[in-house]
Amino acid sequence: MKRVHIPVLLNEVKEVFKDLEDGYFIDCTLGFSGHSEAILSQNPNIKLIGIDQDIEAIEYSKKKLSIFKDRVEIIKGRFSKEIEKILSLNLNIKGILADIGVSSLQLDRSDRGFSFDSEVLDMRMDKTQDLSAYDVVNFYPREDLEHIFKEYGELRNYKKIADLIIDARNKKRVESAKELSELILKNIKKTRKIHPATLVFQAIRIEVNKELKELESLLDSIEKYKPKGAKVAIISFHSLEDKIVKNRFKKWAKSCICLNEYIRCECGNNNDLGKILTKKPIVASKEEKEKNPRSRSAKMRIFEFKS
Ligand SMILES: C[S@@+](CC[C@H](N)C(=O)[O-])C[C@H]1O[C@@H](n2cnc3c(N)ncnc32)[C@H](O)[C@@H]1O
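Residue numbers here run from 1 along each chain, matching the order of that chain's written sequence. Local features in this predicted model are restricted to residues whose pLDDT is 70 or higher, and side-chain atom pairs enter the listing and the counts only when it is 80 or higher, whereas totals over whole chains, interfaces and linings include all residues.

S.K.: Summarise the overall build of the protein; cite the residues concerned and give the values.
M.R.: Secondary structure elements are taken from DSSP: a helix is a run of H or I of four residues or more, a strand is a run of E of two residues or more, and numbering for both begins at the N terminus. A tally of regular secondary structure across the protein gives 13 helices and seven strands. For 307 residues, the compact-globule estimate of 2.2 N^0.38 gives 19 Å, and the protein sits close to it at 21 Å. Along the three orthogonal principal directions, the C-alpha set of the protein runs to about 60 × 60 × 40 Å. At a minimum sequence separation of 6, the contacts of the protein that also span at least 24 residues come to 66%. To get the radius of gyration, use the C-alpha atoms; to get the globule rule, take the number of residues to the power 0.38 and multiply by 2.2 Å. Remark: residues whose backbone-derived C-beta atoms lie within 7 Å of one another are considered to be in contact.

Here it is in structure tokens:
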């Protein structure tokens, strides 16, 4: 491990979830439990349920949080599946946090295949799942590659990038992230400050881990159970995710759900599930951005359900 994972927006998360008297807190992306440890420490009567799909994160967090003994339950799995099971138990849930994305460990470990110089082409957060970046790059049909580069990478030259990969793999399979990033670097002009492969890698990672579907499904489950009085904080790292969170919170906060063509309200104008606590997303301070470059793109939105 080159460096430990530094939790983003830690002070801001602590502020949202302070003075929780009792009940449960769900950390959907436990990772290296930076946020969870802080929540458990500052709220001594709160119990934590932590979810992560990465076995290395689970093992690390089990040790780290063992000091909190039976206040902690850790589940290995996808939050899209696990959250529904937890919410259906009708526990007294006070907070839900999702800090979506990859951890520093995942990024830094060459054998996980997330970084440009990785010797493998993997990018699975859950190492037991079948689909990996290798399959996407070497076997996806042209139209699927174009789709992910256009939709998940928001790349204007998505056709060119798909062409490039198909030409390369027709000669020999693309074996590593390093090979892929060098291929992009050699052939695609740098148009922004970032490495030209950044958005290509982002798109492949989103596809491999089904990141947008996971987020939608998490929000679907929360919407279904409407945990009374709970605050939901979602930290996202790119605009596609932030848009999903923003729109869903807006929908939850809507009081009148009449169709636009109705002249008068007929729904009772009392359909909001709670309120949005962040008109604009919370972003990292200048100091945090300097200390932890990963925090530069972090955006946190918070919603509070009615009691
Ligand atoms: C940014 S890290 C979280 C870091 C954590 N908040 C901390 O303070 O250490 C994101 C973690 O969420 C996990 N993760 C991402 N998507 C997931 C999903 N759909 N289901 C379960 N875990 C997921 C990743 O494996 C990773 O460990």
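S.K.: So what's going on with the pairing of strand 4 (residues 93-99)? Which residues, and what values?
M.R.: Counting buried positions over the seven residues of strand 4 gives seven, a clear majority of the element. Should DSSP find at least two bridges between two strands, the strands are regarded as paired. Bridge count between strand 1 (residues 23-27) and strand 4: four bridges; the pairing is parallel. The residue bridging I26 from the neighbouring strand is I96, located in strand 4. In this structure, strand 4 lies alongside strand 5 (residues 231-236), joined through five bridges in parallel fashion. In the sheet register, I96 faces strand 5, and the bridge partner there is V232. Between the buried cut of 20 or more and the exposed cut of 12 or fewer other C-beta atoms within 10 Å of a residue's own C-beta lies the partly exposed class, and all C-beta atoms are placed from the backbone.

S.K.: Describe in detail the site of the ligand, supporting the description with residues and values.
M.R.: All residues are tested the same way: a C-beta atom is placed from the backbone, and lying within 6 Å of a molecule or strand makes the residue near it. Around the ligand there are 21 residues in total, and P7, T29, G31, G34 and D54 lie nearest to it. Those elements giving two or more residues to the shell around the ligand turn out to be helix 2 (34-42), strand 2 (46-52) and helix 4 (79-87). All residues other than Ala, Val, Leu, Ile, Met, Phe, Trp, Tyr, Cys, Pro, Asp, Glu, Lys and Arg, Gly among them, are scored as polar; the first ten of these are nonpolar and the last four charged. Per-class residue counts for the shell around the ligand are six nonpolar, 10 polar and five charged.

S.K.: Run through the sheet that holds strand 1, naming residues and quoting values.
M.R.: Two pairing modes exist for strands in a sheet, parallel and antiparallel, and in both the strands are linked by backbone hydrogen bonds. Taken in spatial order, the seven strands line up as 3-2-1-4-5-7-6 in an open sheet, and their pairing is mixed. The strands lining the two open edges of the sheet, one partner per strand, are strand 3 (72-76) and strand 6 (274-276). Adjacent strand axes in the sheet meet at a mean angle of 15 degrees when their direction is disregarded. Between N-to-C directions, angles span 0 to 180 degrees; the directions come from axes that are lines fitted to C-alpha atoms, helices contributing only their stretch in contact. Against the sheet, helix 2 makes contact with strand 1, strand 2 and strand 4, and its axis sits at roughly 170 degrees relative to strand 2, the strand it touches most. In this fold helix 4 packs onto strand 1, strand 2, strand 3 and strand 4, with an angle of close to 150 degrees to the strand it touches most, strand 2.

S.K.: Go over the packing of helix 11 (residues 211-225) against helix 12 (residues 239-253) with me, naming the residues and quoting the values.
M.R.: With their axes 10 Å apart at the nearest point, helix 11 and helix 12 run at an angle of 15 degrees to one another. One way to sum up the angle between helix 11 and helix 12 is to call them roughly parallel. Helix 12 is crossed by helix 11, and the crossing has right-handed handedness. For the pair helix 11 and helix 12, contact is made by L212, L215, E216, L219 and E223 and by L240, E241, I244, R248 and W252, respectively. Among the residues making up the contact of helix 11 with helix 12, the classes are represented as six nonpolar, no polar and four charged. Here the word oblique covers every angle except those under 35 degrees (roughly parallel), over 145 (roughly antiparallel) and from 65 to 115 (roughly perpendicular). Crossings are classed by handedness, with left-handed meaning an anticlockwise turn of the near helix from the far one by less than a right angle and right-handed meaning a clockwise turn.

S.K.: So what about helix 7 (residues 142-151)? Which residues, and what values?
M.R.: Among the residues of helix 7, those classed as buried are L145, I148 and F149. Seen end-on, helix 7 carries its buried residues on one side only, within an arc spanning 95 degrees. Regarding the arc, it is the one traced by the directions from the helix axis to the C-beta atoms.

S.K.: Kindly report on the pairing of strand 2, identifying the contributing residues and their values.
M.R.: Taken residue by residue, a regular strand's side chains alternate between the two faces of the sheet. Among the seven residues that make up strand 2, six are buried, leaving the element largely enclosed by the rest of the structure. Across five bridges, strand 1 lies against strand 2 in parallel orientation. Opposite I26, over in strand 2, you have I49 as the bridge partner. With its strands directed away from the observer, a crossover is right-handed exactly when the path from the first strand over the helix to the second travels clockwise. In this fold, strand 1 hands off to helix 2, which returns the chain to strand 2; that crossover is right-handed. In this structure, strand 2 lies alongside strand 3, joined through five bridges in parallel fashion.

S.K.: Explain the nonpolar core residue by residue, including any values.
M.R.: Counting 49 residues, the largest nonpolar core has C28 and A233 as its most contacted members. Setting aside residues up to four positions removed in sequence, C28 forms contacts with I51, F79, I83, I96, L97, A98 and L218. To define a nonpolar core, we join buried Ala, Val, Leu, Ile, Met, Phe, Trp, Tyr and Cys residues through C-beta atoms within 7 Å and take the resulting set. In this structure, V136, V137, Y140 and Y158 belong to the second largest nonpolar core, which totals 31 residues.

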